Amino acid sequence: MPDSALALRRVAGNSLRTSRAAVREQALVAGGQILSGVGNLVYAAAMARILTPGGFAELAAFLALFLLVAVPSLSLAAGGALDPELARRRRGKVLAWSIPASLGLGALAVVIAPALGLSLATAPALATTPTLVALVELDRGRLYGERAYDWVTGSLVAEPVVRLGVGCALAASFGVAGGAVGVVAGGLAGLAVARLGHGQTRRRTGLEDEARDRRGPASKAAALTFLFLAVVQCQDIVFANATLSGVEAARFAAISTLGGAAVFATATIPFVLMPRAREGEPGALGAALGTAAVLGGGAVIATLIAAEPILTIAFGGGRFAPIAAFLPAYMLAMALLGLARVLAADAVVRGVRRVTWMVLGAGALQLGLLFAIGDSAAGVGLATLAAATALTAALALEHALGARPRTLGARRHALGVWRHALATRAHALGSRPQALATRPHALGARPQALGSRPQTLAAAATTEAPVVEPPTEDAPTADQLPINGHLPEHRWAPEATWKRTALILGAMVLAAIGLRLLAGRSLWLDEATSWYETQLPFHRMMEVLRDTDVHPPGYFTVLWATVREFGDGELALRLPSLFAATALVPMLYVAGKAMYDRTTGLVAAGFAVVAPIVVWYAQEARMYAQLMLLAVVAIWALYRALESGRARYWLLYATAGAALAWTHYFALLPLLVFEAAIPVIAWQQRDRDGVSSRRLIVGGILASLLMAALIAPLVPFAHHQFSVNQSAGKGFDAPSQVGGAVENQVSLYAALTNGTWAVFGYHSNATMANLTALWPLLILLALMLLGRGRSRATTLLLAAVFVPTAMLTALSLDQPFLFEVRYNLTAVPFLLLLGARAVTTWPHTARGRAALVAVAVAAFGVGLADQQWNGANPRTYDFEGALHEVAAKSTPEDVLMYMPHDLNNLVAYYPPGLKVRRLGENMPAAKVPRVFVMESFFEDRENDAATRQALVKLRGERELVRRMKFSQVEVWEFR
Amino acid sequence: MGVPVSRGSPDPDPRLRAPDWSPDPAPPRRLRLLALLMVPLALWYFGWLLQPGRVGVPALFALLVAAELFNLFQAGGFWWTVTRRDRRPAPAPLAREGAPPLVDVLVPTYDEPLEVLEPTVAAALEMRGARLVVSVLDDGCRPEVEAMAERLGARYVARRERAGAKAGNINSALLSTGSPFVAVLDCDHVPRPDFLARTLAPMVDEKVAFVQTPQYYANARRGGIAAAAWAQQALFFGAISRGKDADQAMFCCGTNVLFRRTALESVGGFPTDSITEDFVLSVRMHERGWETRYLPEVLAVGLGPEDMASYVSQQRRWARGCLGAIGPVLKARLPLRKRLHYLLSSAYFLSGWALLVYMSFPVIRILTGAQPIAAASADQFLVHFAPYFCTALAMVVVAGRGAYTFGGFALAAANFWVQILASLAALTRRAGRFVVTPKRGEGRRQPLAVAPALVVIAALLAASAWGLAHQRSPSTLNNVAFALLHVTVLASGARWALMRDGGAEAELEDEREARPRTGGGREARSRTGGGREVERHPGGDPVGEARR
């Protein structure tokens, strides 16, 4: 085996070992933190039993104040974790600041104790708080920095243990004051353990000392960053308490408390990461992110499964039920904040100072959103979710695009890479003396690149083992090598890292799957139709499609096969859509990279992960997700074909185009644009270098012929469908969904609504009215387009968005029901690509680009959360919930009557376990014990009137037991 | 495109590189088609707006209509100007027989650094096609400038009394020189060797008083304010100047210009009673029947303002001078067409008032509920306004060949207050002061230079926050969105004042980062190409409608 392969294997092995060790450390400390949290809960529970209700309330207020001081103090732990030596030296300074703060807080407590619901007895304990928590966090920070994780864990565990023991004993005798002293005693115990741990374990390297001077500012940045993170974490509850009504404030306090627990569990992760990241150890960040994802994701999943029970157990009563649906979203925000803390820690260690501004910006965004939408508990939570999403996205982007070896360890690693590259170059030059001579020159230049310690680094370079490190993906190519000892200014690392790209895309795909699975909903009418049709034998299904449906058979064929393989459960029915909407993520990357560049591709893929409309149709057993995927495949293949003239791309274009037509008839509109683009681009190409016009024309004609041949068998099928529908007086089936006050009206405002749906997803009518009112921002967009260049890719995408839209609008003038966003869904991925291009090129600085990407992702995130969890979304039909409720309350002798009659497939899919019949058919006999009436699609006035009539009749004959409301579904129970 | 790679390396003089902009004409058919389209669209919008039932609060409605009509006047003037085509034959190259003509090249200077001045003088001495005398007109009386002139072989002229600023300096030099042609170059504009050969050709026509060429900002490549200011210049020296030239209404822009001495003498030299002496000089020359020519070729490369204070100082001078010239223009004995061109150019500097009106509407609506328009749904408004607005923007894009950027627009918008102050000064007849535009940025933040814009931003944000805190109805959100539109535009224009080096440094960094990623595609190139509006007046404010 060649030496380089051995070395590569050795590096990989080291990396794996490091990762495992990092995971173990994270697990150890996180375990201690969770134990500490559990201890706190036990302490609170014990106090609730020991103290009187009034006393417990007072202690709770004291604990809240304690926490309020403790959360910002975590910033000291961050600074200490980054530079333990600096933390040691600054201990006196911290004391000098915290003691007056303590005295001030004590004095303030005496003055405002009654207003806070505290007695004077707690004032002394309160007065010790700032100093105590500052010292505890500072010393724990030092322990993190010294990687003495066992001592950190000990300190974390000691605090609640002592608090519980001392607190219970004293509270029993001295009441609230005793409990408060127990809290202080716990803090002292944590401090004592932390102090004991110092000097026990030191693993600092020699280079670490050399870097100390440069880490001073970084430590301050770390402290500041974590301080701002604490603000992002806490300001929503402060805002909610200050502005919301009592009930709403209490609801938000409930979800905030649970969310706080989730954040608490991940609080230690960045501090454990920092020392390893400081050394540039591979795998440390992955371990930290993994731990944070597991803990945060666990919390999200737990609340998804059992939000209401959790709220009931934690806070009792049913008054928090209205906010239960939103709890997972808030947990998601907290989980994202946990990830953001890890990414921020990593960025701070890498010396990325702008991370502080990014966190500050997220705080400002959150504050702005709080003022804008924070008029309810859910609104406040959404503001935090948006800020957390934006921050996480910005930090992730910063990491993806900006990560470069700035830490000493990484620089040392990079030095080896450079040396290897130089050695390779020398080898390539035949080991000529002048080539070798560049080596010491370049190495001598390293100090200049590394900072101001040439002698140290020169020594480091000479003391390193003279092994030739294997080439890595990050290794610069020959033209990227240092010139005259200077590092090239541009970033070479991300350009060559296909592994990094694969990792990011893999994470995106996983996130996409998770998001699409988590945000589930009941089947609705059209999906039930899909289910019904796929239950038939294949030939029968085709007959039914030809005679009664309005769609081509492509999607149904795929679904038919899927159902045969995986059954007809909700997930199985939606599997093709889930697959297509997930595959859209990497496909957008591929298209974005081909049409623009890697960054655009990645951002477009990231958009597809959270784009509300993509998630929506990933959860619908209809053909729209396939439509989006195939549209991207077709445009990418066409673009590549026009660029390279290669036959395989023409072939792929023809196939994807035909598949589009077989999936949805309106896909013919973008296909017309694609076809028109071929001669136009060929004409533009006539005087340019590259592929000849003639070759493009020939390729285009052959591809078009092939596509036509593939579509041809569909023509008689479509003609038959059209004839049958026309003769039945149906024409194309009118949409039966609602989604806004402008439904079925062709107007500019309605077009704006459709555009809003396409970008930000489906929302309640009130939200849509508000969103559409923001149209002046389109003027801004138009102005910002001034002076922007226009590439061939952009022109093609714009045409593929707007020409089909215009054609569909023109058709809608005659048939208004065609004015519906889902018939133009091919535009959505194209818009995502254009949006990605805009946010990655319009801002002039990397900071601006990151901010804009973060804002876009946050907007998508908020849109997604509102779409999925806001019960007022008029496109959400909870047939499953309604029918399950009926099943739970009925016996087999009972009867369910439903309106409209199209619900027959849904009633068959979610069998309620009783006799069912259409409303308007025979009314149940008097001997039937109970009659249930289910109605949906209330906007159909004829059906609604029939339902009202039947209800009046039933009221005359029977007693109305209850009326149950679900999303867009109502059920009446008579006996 | 030579952008310095290392911050540590000395910055090469960008004026010594070839310009990357060419004032090629836009496709005339496309322009005329758009202009034709604009007429019914403008009628469609104004026909809807001016219906009696549309009046909300009368005073606000009157303000809105005034602002809209002003914009229509400017926009209409722009469409009219850019569709004009010069049908005169291109000037033939100068005949080679006989002695080359004599030309005095005047380079006025006051306090500009030597490193700015020296390349200009050196390049002026290298010009071909004429027998020339280069005079450095130093109002700063600096020995080092005298030494430099002597070293290079130029004539050094210093005045004892510095009356009349730049105009006085040139007039003084005219007395001590005698060539039949006089070229004027600002001290930062480095001429190409063929400057005189190209500008002398149109002078064959004895009626031509001067030949003006574009003022190209080489430092636009550095981004920031210089790029945004160039975006404004590019539109003016592209489509607008071509259109003016077609009507023989091109005016002198003070530099990169070749005069006929007899023409100058016929109007008594440069007027010293105006701070835009070149503009007033042109009016006087046109009054006396002289013709003027615009040569759309970059024959000299200069430097644009690099910091906000410089830009504000430049704009203030132009605004005060051009607005002060409205009266003389109205009184001047000029053909209607020429008078209209001058009026369009002067009146451009009233755009700040229109912007102020538009910015005040969302604040008034949020705080008081009063609004200018009544009995109109958003859908109705959009149906009438959107086609007009979008086509107007398309016109700017096509006419400017994509050179006009959002940065140029935002920079002009953020300095709306300059135009308001200038118009007040013109109204009260307060005398303006000639201030030399600094050629180098101060390299520090200049928040005071955009303080009014920052105040307006704060007011818009405060009104928005107040509105959202009290009511979150669609109408409030609509006005908040308008407020945010203005905030974004103003902040985009003002941000450079809050950055060191007028934002140039940050954008350089960006360019460095972007280069390997974008591969210098068409989009990437267009970002450095710059674009925009008016140096002296764009003959219209084509995008003013957006400032609602």
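Just so it is clear, the model here is predicted, and its values are computed rather than measured. (Residues numbered from 1 in each chain as written. Chains lettered and ligands numbered in written order. Predicted model: local features only at pLDDT ≥ 70, side-chain atom pairs only at ≥ 80, totals over all residues.)

Peer 1: In this structure, what is going on with the confidence of the model for chain B? I would like to understand it.
Peer 2: Segments scoring low in pLDDT should not have their predicted coordinates read at a detailed level. All names here are of chain B. Residues of chain B with pLDDT of at least 70 account for 86%, and the chain-wide mean is 83. Low pLDDT (under 50) marks residues 1-10, which in the prediction has 15 contacts with non-local residues, meaning those over four places away or in another chain. In this model residues 505-548 is a low-confidence stretch, pLDDT under 50, and it forms 156 contacts with partners more than four residues away in sequence or in other chains. For this predicted complex, the interface confidence score (ipTM) comes to 0.86, while the overall pTM stands at 0.67. (pLDDT = per-residue confidence, 0-100. Contact = placed C-beta atoms within 7 Å.)

Peer 1: Got a minute to help me understand the nonpolar core in this structure?
Peer 2: Note that soluble globular proteins tend to have their nonpolar side chains buried in a common cluster. Residues and elements named next belong to chain A. One finds L391 and L588 to be the most contacted residues of the largest nonpolar core, which totals 458 residues. Considering every element that reaches this core, the biggest residue donor is helix 14 (residues 327-349), with 19 residues. Once residues within four sequence positions are removed from consideration, L588 is found in contact with G601, A604, A605, A608, V632, P829, L832 and L833. (Core = buried A, V, L, I, M, F, W, Y, C linked by C-beta atoms within 7 Å. Buried ≥ 20, exposed ≤ 12 C-beta atoms within 10 Å, placed from the backbone. Helix = DSSP H or I, 4+ residues; strand = E, 2+ residues; numbered from the N terminus.)

Peer 1: Can you help me understand helix 28 (residues 624-644) of chain A in this one?
Peer 2: The α-helix advances 3.6 residues per turn, and as a result positions three or four apart in sequence lie on the same side. Here helix 28 of chain A spans 30 Å end to end across 21 residues, near enough to the 30 Å set by a 1.5 Å rise per residue. Phi for G645(A), located one or two positions after helix 28 of chain A, is positive at around 75 degrees. (Expected span 1.5 Å × (residues − 1).)

Peer 1: Even after reading the chapter, I still don't get the packing of helix 7 (residues 224-246) of chain B against helix 15 (residues 406-414) of chain B, so can you show me in this structure?
Peer 2: When two helices pack together, their arrangement is given by the angle between the helix axes and the distance between those axes. All names here are of chain B. Relative to each other, helix 7 and helix 15 sit at 95 degrees, their axes nearing to 7 Å. Compared by their axis directions, helix 7 and helix 15 come out roughly perpendicular. Contacts between helix 7 and helix 15 involve I225, A227, A228, A229, A231 and Q232 from the first element and G407, G408, L411 and A412 from the second. (Axes fitted to C-alpha atoms, helices over the stretch in contact; angles between N-to-C directions. Parallel < 35°, antiparallel > 145°, perpendicular 65-115°, else oblique.)

Peer 1: Hey, could you run me through the sheet that holds strand 5 (residues 190-191) of chain B in this one?
Peer 2: Remark on secondary structure: sheet strands pair via backbone hydrogen bonds, oriented parallel or antiparallel. All names here are of chain B. As summarised here, the arrangement of the three strands in space is 5-10-7, forming an open sheet in which the pairing is mixed. Unpaired on one side and paired on the other, strand 5 and strand 7 (216-217) mark the two borders of the sheet. Direction of pairing for strand 7 relative to strand 10 (residues 300-302): parallel, over a ladder of two bridges. Across the sheet, the residue bridging to Y216 is V301, located in strand 10. (Pairing = 2+ DSSP bridges.)

Peer 1: Please explain helix 39 (residues 879-889) of chain A as it appears in this structure.
Peer 2: Within the span of helix 39 of chain A, buried status applies to F879(A), A882(A), L883(A), E885(A) and V886(A). Along helix 39 of chain A, the residues classed as buried sweep out an arc of 155 degrees about the axis, all on the same side. (Arc of directions from axis to C-beta.)

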